[in-house]
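Single-letter residue listing:
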Amino acid sequence: ALVTGGSRGLGRGVVEALRARSMKVVAVARDPERLAILAQQTGALPRAADVSDELEVARLMNDVRPNLTVLCAGATPLMRPIHHHSWRSFSDVWETDTKATFAFLREALSLPLAPNSHIIVVSSGAALGGSPLSGGYAAAKRAQWFLADYAAKEAARLGLGLRFHCLLPSLSPSTDLGLTAI
């Protein structure tokens, strides 16, 4: 398995759950120190990378060729009313979460991954109900949902046997994002 955002929050929980089931897990995050701690505590294989870098995503997918990919990495939005956002703060989640989702889904289809591989996009419940204090977060999360649907349709059209899923979790105070937003 390959898990992005694996060093903290929901991603770390996914890594821990998969390792508890004795799965080989490559945990991806930007912070090598957090990854080293995670590797020591869980036995996951650490891989420091910026998932918004399309070349890094291509290298990861080509090197690992995961049967299970869980996309949890994401930017923490700046919490403020829309009129207090700049375009940069408003679009930050687009440039991280949505861009990474696009890159990983494109690689899964282009390689392609092995038939019966699963690619899970962790979006947000904000894709349904909005999030007025988080800039472009809700729209970016909705775009992730659309991308997962488009990839699933393309995989079916090509007969690849890949399975794409999109999860819309609710906020949880056990993650940095949830604690800030709640």
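Our subject is the structure listed above.
Before going into details, it helps to say that this report is about the structure given with it. (Residues numbered from 1 in each chain as written. Predicted model: local features only at pLDDT ≥ 70, side-chain atom pairs only at ≥ 80, totals over all residues. Heavy atoms only, no water.)

**Side note on the sheet that holds strand β2 (residues 26-29)**
What holds strands together in a sheet is hydrogen bonding between their backbones, with the strands either parallel or antiparallel.
Piece 1. Across the sheet, six strands lie side by side as β3-β2-β1-β4-β5-β6; this open sheet has parallel pairing. If you trace the sheet from one side to the other, it starts and ends with β3 (45-48) and β6 (163-167), each paired once. Recorded for the sheet is a direction-independent mean angle of 15° between the axes of neighbouring strands.
Piece 2. Relative to β3, β2 is paired through four bridges, and the arrangement is parallel. Bridging across to β3, V26 finds its partner in L45.
Piece 3. Against the sheet, helix α4 (residues 87-110) makes contact with β1 (2-4), β4 (68-71), β5 (118-122) and β6, and its axis sits at roughly 170° relative to β5, the strand it touches most. (Pairing = 2+ DSSP bridges. Helix = DSSP H or I, 4+ residues; strand = E, 2+ residues; numbered from the N terminus. Axes fitted to C-alpha atoms, helices over the stretch in contact; angles between N-to-C directions. Contact = heavy atoms within 4.5 Å.)

**Digging into the packing of aromatic side chains**
Two measures describe an aromatic ring pair: the distance that separates the ring centres and the angle between the ring planes.
Piece 1. All chains considered together, the criterion is met by two aromatic pairs.
Piece 2. With a centroid separation of 6.0 Å and 20° between ring planes, the pair formed by F146 and Y150 is classed as stacked. Here F146 and its partner Y150 are both found in helix α6 (residues 137-158), four residues apart, which amounts to about one turn of the helix.
Piece 3. Classification of F146 as partly exposed rests on a relative accessible area of 40%. (Phe/Tyr/Trp six-rings, centres within 6.5 Å; stacked < 30°, edge-to-face > 60°. Buried < 20%, exposed > 50% of the residue type's maximum accessible area, 1.4 Å probe, protein only.)

**Here we look at the pattern of salt bridges**
Piece 1. Applying the stated criterion across every chain, the model contains nine salt bridges.
Piece 2. Its salt-bridge partner being E16, residue R12 comes within 2.7 Å of it at the nearest N-O pair. One end of the pair is R12 and the other is E16, both in helix α1 (residues 9-20) and four residues apart, which spans about a single turn.
Piece 3. The buried category is assigned to R12, whose relative accessible area is 18%.
Piece 4. With its nearest N and O atoms 3.0 Å apart, the salt bridge here joins D63 to R47. Of this pair, D63 sits in helix α3 (residues 54-64) while R47 sits in strand β3; the two residues are 16 residues apart in sequence, bridging distant segments of the chain.
Piece 5. Linked by salt bridges that have partners in common, E54, R106 and E107 make up one network. (Salt bridge = Lys/Arg side-chain N within 4 Å of Asp/Glu carboxyl O.)

**Observations regarding empty space enclosed by the protein**
Piece 1. Evaluated as defined, the whole model comprises one cavity of 30 Å³ or more.
Piece 2. In this model, the largest cavity occupies a volume close to 40 Å³.
Piece 3. Taken together, T4, V51, L71, A73, D97, A100, T101, F104 and Q144 make up the full set of residues lining the largest cavity.
Piece 4. Counting residues per element, the lining of the largest cavity draws most heavily on α4, which supplies four residues.
Piece 5. A per-class count over the lining of the largest cavity returns five nonpolar, three polar and one charged. (1 Å grid on protein atoms, 1.4 Å probe; cavity = no way out; pocket = protein on both sides within 12 Å on 5 of 7 lines; lining within 4 Å. Points joined across faces, edges and corners; volume = space filled by probe spheres on them. Nonpolar A, V, L, I, M, F, W, Y, C, P; charged D, E, K, R; others polar.)

**Details of the side chain of T98**
Piece 1. Along the polypeptide, T98 turns up in helix α4.
Piece 2. Among the polar contacts made by the side chain of T98, one reaches the main-chain carbonyl oxygen of A140 at a distance of 3.2 Å.
Piece 3. Discounting chain neighbours no more than four positions away, the residues touching T98 are V93, A140, A143, Q144 and L147. (Polar contact = N/O pair within 3.5 Å; in protein donor to acceptor, adjacent residues only side chain to side chain.)

**Regarding the nonpolar core**
Piece 1. Of all hydrophobic cores here, the largest spans 26 residues; its most connected members are V28, F104, L105, L109, I119, L162 and F164.
Piece 2. Looking at this core, the elements with two or more residues in it are β2, α3, α4, β5 and α6.
Piece 3. Looking at which element gives the most residues to this core, the answer is α4, with six residues.
Piece 4. Ignoring sequence-local partners within four residues, the contact set of L109 consists of A151, E154, A155, L160, L162 and F164.
Piece 5. The next biggest cluster of nonpolar side chains, apart from the first, holds 16 residues, and it includes V25, L38, I120 and V122. (Core = buried A, V, L, I, M, F, W, Y, C linked by side-chain atoms within 4.5 Å.)

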